[in-house]
Every structure is written in C-alpha cells, then in structure tokens.
Amino acid sequence: MRVAVAGGTGQVGSRVVSRLQARGDEAVVLSRSSGVDLVTGEGLVGVLDGVQAVLDCTSTTSQVRRVCVEFFAAVARTLQLAAAEAGVHRLVTLSIVGIDAMPGVGHYAGKLAQKRETRAGAVPATILRATQFHTFPAQLAGTLGLGPVRLCLRQPVQPVDVETVVEHLLRLIDGQDEGRTVDLGGPQRLAMTTACRRTFRARGAHRLVLPLVLPGRSGRAARRGAALAGPDAILAGRSFEEWIEAGAPA
Ligand SMILES: NC(=O)c1ccc[n+]([C@@H]2O[C@H](COP(=O)([O-])OP(=O)(O)OC[C@H]3O[C@@H](n4cnc5c(N)ncnc54)[C@H](OP(=O)(O)O)[C@@H]3O)[C@@H](O)[C@H]2O)c1
C-alpha cells in the first residue's frame, strides 16, 4: 500500500513512516523539509498519485490561537482537496482527547478547526483522539520557565505511550473503524506536575517544578479532568510508571 504521511518527519509521523516501511508499505512523506508545504499546497502536485491512505499528523509549535487555527484548518483543507482529486480512499487524522471542552487553549482551537475542515471534505475521515503522550508534560514545561525553574499545569493527565498511538494509527490506516472518531488513552492517571517531576528526575535533570493554574473556562475544565480518557476510550500501552522505569525516553 502507498500511504502519505503528512508530518512524516515529526515525533509521531517519523515513527509511522518507519513502521510502514518495515512492513513493506511505501511511505510518502509530506513536510516542508521534504519539499511539501501543506499550508500553501506548494510541492503537492502529483505526490498523491497512487496513494490509498493519507495520515495527518502535522503540528505547529505556535500557541497563538489565530496562528494555530489558520495552520490546522489550512493543512486539513489542503489534504482533503488533494486527496479527493487523487482518488485517495481514506484520511486518518491524529487529534487530542478533550479539545471540545478546552477551546481557550490555542493549540486545541486549532485542532477543532482541523476537525471541522477534515469532516467537511469529500474523503471519509477517521479521527484518532489520543490523550497526551508520556513525553508531553516535561516537553511543555521545557518551554515554560527560566533557569532550573519550570512551570507545569495543575491538572490531571492520563498519558499514553507514543508507540501505542502509532500502532493504532496503523490500524486506522488499514481501514479499521473507518469514518469514526476513536479515543485512546494510557492506563494510569496522575497529576501533570508529578509526571513532570518524575520525567526530569528519570532523565537526571535538576528542575524545580512549580504548578501553573490555567485561567478561564478551559483551565477549569482541564482541572476537572477534560484531558482524561472518557468511559468509551481504549486504554492501552505501557503505563507512565513503566515508561519512567525505562528511563523516560524521548
Ligand atoms: N504531544 C502530545 O501529547 C499529543 C497528544 C495527542 C495528539 N497530538 C497531536 O499529534 C500531532 C503530531 O504531533 P508531533 O509531536 O508528532 O508533531 P511534531 O513532532 O511537531 O511534527 C510536526 C510535523 O508537521 C510538519 N509540518 C509543520 N508545518 C508544516 C507545513 N506547513 N507543511 C507540511 N508539514 C508541516 C513538520 O515537518 P516540517 O517542519 O519539515 O514541515 C513535522 O513533520 C499534532 O497534531 C498534535 O496535536 C499530540
């Protein structure tokens, strides 16, 4: 099978590309560093020829609401139009659990725009909503703080192993649960600050982690558990504890 992986150089996308190649499928990477800009559509002509499935695991580093909304909406629109034109059978999009309850967070507003554009297109789309990855709490705290002090959101999380997310994406690429929205989480709930401190400790990084209270409706929703896996979610993969015991790999 020929599969296009949008964001195929990223944390998730590069793993999906390796797994596709290992099982004998052909992976076409769509990213700026491989010559395709999915916001403008530049470099996309002919690239989806013969592709059966497209996976969207692009992302932006911006946290600015307007930038995130424009980015995710534009990429989703570009992929839907190009996939329809090329006769692609299915689109799989990676999203996040709880975004509907936290639209005040810039990245989540962007993911909501991505969902709207993806669902509005002609190609049947399957959306995998994962909880935060094991790597996320420390990754986020790494961008908030000064010197050895790091800020971490005060909210519960239920992190999932990125390899488990990749396994589920591969199943959806193969056509399982076509057209549905599937939620996936890890088996263990804990405070994000605890996850953060444990990750820094496991990696031998000396950091003072202080809790940050996100203001507004989205912050309250997050503290009430909006980012946790719901009752219908699939819970799978190694726990946060097991990931820490493995040395908290990136
Ligand atoms: N982190 C979490 O805990 C978590 C949890 C659930 C879901 N998610 C979702 O998972 C997705 C993937 O996250 P990630 O951490 O793997 O992202 P990442 O490592 O930041 O990778 C982003 C990818 O997007 C590509 N990209 C950016 N701008 C582009 C453009 N204009 N045109 C084409 N490609 C572009 C990048 O390649 P170039 O720079 O070469 O363009 C890169 O391959 C995100 O949508 C995120 O919302 C994340």
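Here is a short report on the structure shown in this document. All values reported here derive from a predicted model rather than from experimental measurement.

### A closer look at the overall build of the protein
Part 1 of the argument: For the protein, the count of helices and strands is 8 helices and 12 strands.
Part 2 of the argument: Taken over C-alpha atoms, the radius of gyration comes to 18 Å for the protein, in line with the 18 Å a tight globule of 250 residues would show.
Part 3 of the argument: For the C-alpha atoms alone, the extent of the protein along its principal axes is close to 50 × 35 × 35 Å.
Part 4 of the argument: Per-residue burial over the protein gives 52% buried out of 250 residues.
Part 5 of the argument: Here the contacts in the protein between residues at least 6 apart in sequence split such that 80% fall between residues at least 24 apart.
Part 6 of the argument: Total accessible area on the protein stands at roughly 11200 Å², and carbon and sulfur atoms take up 53% of it.

### Some details on helix 5 (residues 162-173)
Part 1 of the argument: For helix 5, spanning 12 residues, the distance from its first C-alpha to its last is 16 Å, which sits close to the expected 16 Å at 1.5 Å a residue.
Part 2 of the argument: Among the residues making up helix 5, those that are buried are Val162, Thr164, Val165, Val166, His168, Leu169, Leu170, Leu172 and Ile173.
Part 3 of the argument: Where helix 5 starts, the residue carrying a side-chain oxygen 3.0 Å from the main-chain nitrogen of Glu163 turns out to be Asp161.
Part 4 of the argument: Gly175 lies just past helix 5 and shows a positive phi near 110°.

### Overview of the site of the ligand
Part 1 of the argument: With respect to spatial proximity, 29 residues lie near the ligand, and among them Thr9, Arg32, Ser33, Thr58 and Lys111 are the closest.
Part 2 of the argument: Contact between the ligand and Gln11: an oxygen atom at 2.8 Å from a main-chain N or O atom of the residue.
Part 3 of the argument: Contacts to the ligand include Lys111, whose side-chain N or O atom sits 2.6 Å from an oxygen atom.
Part 4 of the argument: One can see that the ligand is located within the largest pocket.
Part 5 of the argument: Those elements that provide at least two residues to the shell around the ligand are helix 2 (65-86), strand 4 (90-96) and helix 3 (106-120).
Part 6 of the argument: Looking at the shell around the ligand, the element that brings in the most residues is strand 4, giving 3 residues.

### Looking at the environment of Val75
Part 1 of the argument: Relative to the helices and strands, Val75 is located in helix 2.
Part 2 of the argument: Those residues in contact with Val75 that sit more than four places away from it in its chain are Leu38, Val39, Asp56 and Thr58.

### Remarks on the packing of aromatic side chains
Part 1 of the argument: Here the structure, examined in full by the defined rule, presents 2 aromatic pairs.
Part 2 of the argument: Ring plane angle 80° and centroid distance 5.1 Å describe the contact between Phe71 and Phe72, whose orientation is recorded as edge-to-face. Note on accessibility: Phe71 and Phe72 belong to one class, buried.
Part 3 of the argument: Relative to Trp243, the ring of Phe240 has its centre 5.4 Å away and its plane inclined at 45°; by these criteria the two rings are tilted. Taken together, the residues span about one helical turn, with Phe240 and Trp243 both in helix 8 (residues 240-245) at a distance of 3 residues.

### Remarks on the state of the cysteines
Structurally, a disulfide amounts to a covalent bond that connects the sulfur atoms of two cysteines.
Part 1 of the argument: Applying the stated criterion across every chain, the model contains 0 disulfides.
Part 2 of the argument: In this structure Cys196 is not part of a disulfide, and its nearest cysteine sulfur, from Cys152, lies 3.6 Å away.

### A closer look at the pattern of salt bridges
Part 1 of the argument: One pass over the full model with this rule turns up 13 salt bridges.
Part 2 of the argument: A salt bridge links Lys115 to Asp100; the nearest nitrogen and oxygen atoms lie 3.0 Å apart. One end of the pair, Lys115, is in helix 3; the other, Asp100, is in the loop between strand 4 and helix 3, with 15 residues separating them in the sequence.
Part 3 of the argument: With a relative accessible area of 29%, Lys115 lands in the partly exposed category.
Part 4 of the argument: A salt bridge links Arg129 to Asp183; the shortest N-O distance between them is 2.7 Å. In this pair, Arg129 sits in strand 5 (residues 125-130) while Asp183 sits in strand 9 (residues 181-185), placing the two residues 54 residues apart along the sequence.

Reading the values: rules and limits
- Residues numbered from 1 in each chain as written.
- Predicted model: local features only at pLDDT ≥ 70, side-chain atom pairs only at ≥ 80, totals over all residues.
- Heavy atoms only, no water.
- Helix = DSSP H or I, 4+ residues; strand = E, 2+ residues; numbered from the N terminus.
- Rg over C-alpha atoms; globule rule 2.2 N^0.38 Å.
- Buried < 20%, exposed > 50% of the residue type's maximum accessible area, 1.4 Å probe, protein only.
- Contact = heavy atoms within 4.5 Å.
- Areas by Shrake-Rupley, 256 points an atom, 1.4 Å probe, with all protein chains shown as cover.
- Expected span 1.5 Å × (residues − 1).
- Polar contact = N/O pair within 3.5 Å; in protein donor to acceptor, adjacent residues only side chain to side chain.
- Near = heavy atom within 4 Å.
- 1 Å grid on protein atoms, 1.4 Å probe; cavity = no way out; pocket = protein on both sides within 12 Å on 5 of 7 lines; lining within 4 Å.
- Sits in = over half its atoms within 2 Å of the grid points.
- Phe/Tyr/Trp six-rings, centres within 6.5 Å; stacked < 30°, edge-to-face > 60°.
- Disulfide = S-S within 2.5 Å.
- Salt bridge = Lys/Arg side-chain N within 4 Å of Asp/Glu carboxyl O.

Structural measurements only, silent on function.
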